[in-house]
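Each chain, written out:
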Amino acid sequence: MRALLDTIYSLSGEVPLVEASVEEVDESVLQPGSLIIGSIRQVCLIRKISAGGAVLHVDTPAEEGRRLELELETGEHLDGTIVWCRGSELGLRFDQPIDVLPILARALVSQPGERRRMPRVEVFCPALLETAGRTELITVRDLAQGGAKIDTPFPLDQDARIVITPEGLRPIEGSVRWVRGTVAGISFQPELAWQEMIPWLRGRRNAPPADFHAPSPLPEVPQPTAQVPSEGAIQLSLPARVREGTRRWAIDVASLTTRAVEFDSFVPLRLGTLLWIVLPGLEGWPARIVSIDGYRFTCEFTQPLHPAVLERILSAATTQARAQA
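Calculation notes
- Residues numbered from 1 in each chain as written.
- Predicted model: local features only at pLDDT ≥ 70, side-chain atom pairs only at ≥ 80, totals over all residues.
- Heavy atoms only, no water.
- Helix = DSSP H or I, 4+ residues; strand = E, 2+ residues; numbered from the N terminus.
- Buried < 20%, exposed > 50% of the residue type's maximum accessible area, 1.4 Å probe, protein only.
- Contact = heavy atoms within 4.5 Å.
- Areas by Shrake-Rupley, 256 points an atom, 1.4 Å probe, with all protein chains shown as cover.
- Core = buried A, V, L, I, M, F, W, Y, C linked by side-chain atoms within 4.5 Å.
- Arc of directions from axis to C-beta.
- Polar contact = N/O pair within 3.5 Å; in protein donor to acceptor, adjacent residues only side chain to side chain.

(A) Here's a closer look at the overall build of the protein. The number of helices and strands found in the protein is 3 helices and 19 strands. In the protein, which comprises 325 residues, the proportion classed as buried is 43%. Sequence-distant contacts in the protein: of pairs separated by 6 or more residues, those separated by 24 or more amount to 53%. Working note: accessible area of the protein is about 17,500 Å², and carbon and sulfur atoms make up 52% of it.

So this is what it looks like as structure tokens:
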């Protein structure tokens, strides 16, 4: 399949890196711009633009270390330095970080109202994927009005109907358009409205930096045997598993209710992270981290457990504890 590219706006603050080669470039879908080197001006096409830099297509060869000015179609002038070159592509590092969202918004409003379209935006956002018979934690690589590119823990079936729920956004129905291993392209049906995407992107841009908790190791101390951390919680010492994207590891569940789970883990995690909790007798259940205290993490289930499910888990834990006694 020959891939046609449209311009990608990225919320990342990094300079875009060298990527896989492009088989075909369609000038009608890439944003135009101009490169100004001294008194020379030439037209270019913008493949990606982030807070830290841009990937550009040019007609004439360029050289690393060369300084230039990038003029966008919306009138912005951005000074930078070429940091890599490959064929007709070059990577530009801006002298100062920029705010991508106002540039994206100006590009949007410059279009005729009846044909107004949001460009594709690189986000790397956690999301829930619902397919026939299973729900999984995935990563959304980029998002547009018409679809998304996602990373999944298993290959999806071509044309399969799915629902994805990006963090902070509503569930979106769609179908699998293409699959390359565990990367898939999703077509939304119906499409997202740009009026819905802009506030969501603003929220992701304004989110505080990732608050990763990786405390230094503490000496082992005896754990209390009778402690109820929250109303209705049942104190446990229950082996379980956690998955975040492609990472998987074992945990010890300290307490459990129909709405929340507490566990101890030495894996660095951050508030708000979506996890997949695998408990005895339960294939897995999505939960979000709402509290961190040293090595103790409290997660709230995105959907409460049914009381019968909780009873089955506790029964399995009791049976296991008696067997080990």
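(B) View of the nonpolar core. Counting 50 residues, the largest nonpolar core has Ile49, Leu56, Leu70, Val140, Leu143 and Ile164 as its most contacted members. Tallying contributions element by element places helix α1 (residues 100-109) first for this core, with 6 residues. Ignoring anything within four residues of it in the chain, the contact list for leucine 143 reads Pro119, Arg120, Val121, Ala148, Leu169, Phe188, Leu192, Met197 and Trp200. Counting 27 residues, the second-largest nonpolar core is a separate cluster that includes Val242, Phe263, Leu282 and Leu310.

(C) Here's a closer look at α1. Within α1 the residues assigned to the buried category are Val100, Leu101, Ile103, Leu104, Ala107 and Leu108. Considered in projection along α1, the buried side chains sweep an arc of 160° and stay on one side of the axis. The N-cap of α1, judged by a side-chain oxygen 3.3 Å from the amide nitrogen of leucine 101 a few residues on, is aspartate 99.

(D) Structural detail: the environment of tryptophan 285. When you line up the elements, tryptophan 285 lands in strand β18 (residues 282-293). Distance in space between the C-alpha atoms of tryptophan 285 and proline 304 is 9.3 Å, their sequence separation being 19 residues.

(E) A look at unusual backbone geometry. With an omega of 0°, the peptide bond between glutamine 189 and proline 190 qualifies as cis. Structurally, proline 190 is set in the loop between β13 (183-188) and α2 (194-206). Of note in the backbone geometry, phenylalanine 124 takes a positive phi value of approximately 50° without being a glycine. Along the chain, phenylalanine 124 falls in strand β8 (residues 120-131). Backbone geometry places aspartate 159, a non-glycine residue, at a positive phi of 70°. When you line up the elements, aspartate 159 lands in the loop between β10 (147-151) and β11 (161-166). Aspartate 159 sits in the exposed class, given a relative accessible area of 58%.

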